[in-house]
Amino acid sequence: MTQLTVAKAINAGLARAMEENPKVMLMGEDIGSLGGVYRVTEGLKSRFGAHRVLDTPLGEAGIVGTAVGLAERGYRPVCEIQFDGFTFPAFNQITTQLAKIHARSDGQLTVPVTIRIPYGGVIGSVEHHSESPEALFAHTAGLRLLAPSNAQDAYWMSQQAIACDDPVIIFEPKRRYWLKGEVDEKTSPGDPFKASVIREGEEATIVAWGPLVPVALAAAEAAREDGRSVEVIDLRSLSPIDFDTVTASVRKTGRLVIAHEAPTFGGLGGEIAARVTERAFYSLEAPVLRVGAYHLPYPPAAVEENYVPDLDRVLEALDRSFAY
């Protein structure tokens, strides 16, 4: 086992993928000499050369569009979008080209492009730097979405996304880049598109992903001190979603709280709630509850902690669930 931060784990995962396959290349703004805004790609340009770690112009549509062409020529490009809010200039390329080429070609063409997006808030940044746009991409068929919450998943998901023949977006929780954890660099954790029960419980289930997983674990621990047994599921994959693991947990516990940083309105929590209600209606002891951000543009940094769900809001949802 190696102790790594989430950022260093991604760096190590990218390096290993590049070592094992000479067709893997990295593209993005300032990812080479600077090593990226968060230094996630630090040292990779000097190690693998400027022909494999490319500093691109400031044009996200061009980055993704170029990656599509490279993928069709046999490469496995990894694009970094510098901040989540900068993804939208490339939205057309991602949703109308990258996501559809495999189906449009009747399966004859694959586009193994990986897009890394640092996402989420609570970093004290300015406008367009703290978005959570995962629902927009989950709604688009043809894309796979991963959301690591810890160093182990960050290390392996980086490699698994690159090896996948489908386009994969990795939503990296930027406020957790410095979170340390153990990484087993020899044993793969298995299917990245499966959810993980990271804390077992009997009376309620919390589902979270990415930056809110530590908050969900803290809520479960606080509930334990009050005599409640709460199970926590790290969803890990946002498309496809592992509804089987979530449903099995709810059938056991009878209650479900879904927590994510994105606004609740139109968020992935609504899809999960609907599916669980369809599959496990007679097991539910209370309505499925969602905890998310408010349906407002992301606010200034001075008040962002009032906007993003915290421990108190997750605990309040648990209390409401147990009150039924």
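For clarity, every value in this text was computed on a predicted model and none was experimentally measured. (Residues numbered from 1 in each chain as written. Predicted model: local features only at pLDDT ≥ 70, side-chain atom pairs only at ≥ 80, totals over all residues. Heavy atoms only, no water.)

1. Digging into the overall build of the protein
- Regarding its fold elements, the protein presents 12 helices and 14 strands.
- By its C-alpha atoms, the protein is 60 × 45 × 40 Å across when sized along the principal axes.
- Out of the 324 residues in the protein, the part that is buried amounts to 55%.
- When the accessible surface of the protein is summed, it comes to about 13,700 Å², and 52% of that surface belongs to carbon and sulfur atoms.
- In the protein, the 31 positive side-chain charges and the 42 negative ones have mean positions that sit 4 Å from each other. (Helix = DSSP H or I, 4+ residues; strand = E, 2+ residues; numbered from the N terminus. Buried < 20%, exposed > 50% of the residue type's maximum accessible area, 1.4 Å probe, protein only. Areas by Shrake-Rupley, 256 points an atom, 1.4 Å probe, with all protein chains shown as cover. Lys, Arg positive; Asp, Glu negative; His and termini not counted. Charge placed at Lys NZ, Arg CZ, Asp CG, Glu CD.)

2. Thoughts on the environment of V197
- Among the structural elements, V197 can be located in strand β9 (residues 196–199).
- Look past the residues within four positions of V197 in its chain and what remains in contact with it is E231, V232, I233 and T245. (Contact = heavy atoms within 4.5 Å.)

3. Re the UniProt feature "domain: Transketolase-like pyrimidine-binding" (unreviewed entry) in the protein
- Those places that UniProt annotates as "domain: Transketolase-like pyrimidine-binding" (unreviewed entry) correspond, in this numbering, to residues 4–179.
- Structurally, residues 4–179 comprises 36% helix and 17% strand, and the distance from its first C-alpha atom to its last is 8 Å. (UniProt positions renumbered as here; feature names shortened; annotations may be inferred.)

4. Some thoughts on the nonpolar core
- Core analysis: the biggest nonpolar cluster contains 45 residues, and I115, I169, W209, L235, V246 and I272 have the highest contact counts within it.
- For this core, the element with the highest residue contribution is helix α3 (residues 60–72), accounting for 6 residues.
- Split by domain, the residues of this core number at least three in each of domain 1 (2–183) and domain 2 (196–323).
- Not counting residues within four places of it along the chain, the set of residues in contact with V246 comprises V207, I233, L235, L256, I272 and V276.
- Among the nonpolar cores identified, the runner-up in size contains 26 residues, and A9, L14, L44 and V78 belong to it. (Core = buried A, V, L, I, M, F, W, Y, C linked by side-chain atoms within 4.5 Å. Domains from an automatic or database assignment.)

5. Some remarks on the sheet that holds strand β3 (residues 53–55)
- Here we have 7 strands laid out as an open sheet, ordered β3-β2-β4-β5-β7-β6-β12, and mixed in their pairing. The sheet terminates laterally at β3 and β12 (237–239), the two strands that pair on one side only. Recorded for the sheet is a direction-independent mean angle of 20 degrees between the axes of neighbouring strands.
- As judged from the 3 bridges shared by strand β2 (residues 24–28) and β3, these two strands associate in the parallel manner. If you follow M27 over to β3, its bridge partner there is L54. (Pairing = 2+ DSSP bridges. Axes fitted to C-alpha atoms, helices over the stretch in contact; angles between N-to-C directions.)

6. A few points about the pattern of salt bridges
- A full pass over the atoms with the stated rule returns 18 salt bridges.
- With a shortest N-O distance of 2.6 Å, K174 and D84 are connected by a salt bridge. In this pair, K174 is assigned in the loop between β7 (168–173) and β8 (180–183) and D84 in the loop between β4 (76–80) and α4 (91–98), connecting sequence segments 90 residues apart. Pair check on accessibility: K174 and D84 agree, each one buried.
- A salt bridge links R279 to D244; the nearest nitrogen and oxygen atoms lie 2.8 Å apart. Residue R279 is located in helix α10 (residues 268–280), and its partner D244 is located in helix α9 (residues 243–253); the two are separated by 35 residues in the primary sequence.
- With relative accessibility at 36%, the residue R279 sits in the partly exposed group. (Salt bridge = Lys/Arg side-chain N within 4 Å of Asp/Glu carboxyl O.)

7. Notes on the layout of surface pockets
- Quantified by volume, the largest pocket comes out at close to 320 Å³.
- Among the elements of the structure, α6 (134–138) and β13 (256–263) are those that each provide at least two residues to the lining of the largest pocket.
- Its residues assigned to classes, the lining of the largest pocket shows 13 nonpolar, 4 polar and 3 charged.
- Mapped onto the domain boundaries, the lining of the largest pocket takes at least three residues apiece from domain 1 (2–183) and domain 2 (196–323).
- When its volume is computed, the second largest pocket comes out at roughly 170 Å³.
- Along the walls of the second largest pocket sit 13 residues, with A138, L238, I241, L268 and E271 positioned nearest its centre.
- Put simply, the parts of the chain that give the lining of the second largest pocket at least two residues each are α6, β12 and α10.
- At 3 residues, the largest contribution of residues to the lining of the second largest pocket is made by α10.
- Counted by class, the lining of the second largest pocket contains 7 nonpolar, 4 polar and 2 charged residues. (1 Å grid on protein atoms, 1.4 Å probe; cavity = no way out; pocket = protein on both sides within 12 Å on 5 of 7 lines; lining within 4 Å. Points joined across faces, edges and corners; volume = space filled by probe spheres on them. Nonpolar A, V, L, I, M, F, W, Y, C, P; charged D, E, K, R; others polar.)

8. Considerations on the domain arrangement of the protein
- Segmentation of the protein into domains returns domain 1 (2–183) and domain 2 (196–323).
- A combined buried area of about 1,900 Å² lies between domain 1 and domain 2, and 53% of that area is made up of carbon and sulfur atoms.
- There are 2 salt bridges connecting domain 1 and domain 2.
- Residues R236 and D153 are paired through a salt bridge, measuring 2.9 Å at the closest nitrogen-oxygen approach.
- Viewed at the interface, domain 2 and domain 1 are joined by 15 residue pairs in polar contact (both at pLDDT 80 or more).
- Listing elements by their share of the side of domain 1 that touches domain 2, those giving two or more residues are α6, β6 (144–146), α7 (151–163) and β7.
- Split by residue class, the side of domain 1 that touches domain 2 holds 14 nonpolar, 8 polar and 6 charged. (Buried area = accessible area lost by both parts, 1.4 Å probe. Polar contact = N/O pair within 3.5 Å; in protein donor to acceptor, adjacent residues only side chain to side chain.)

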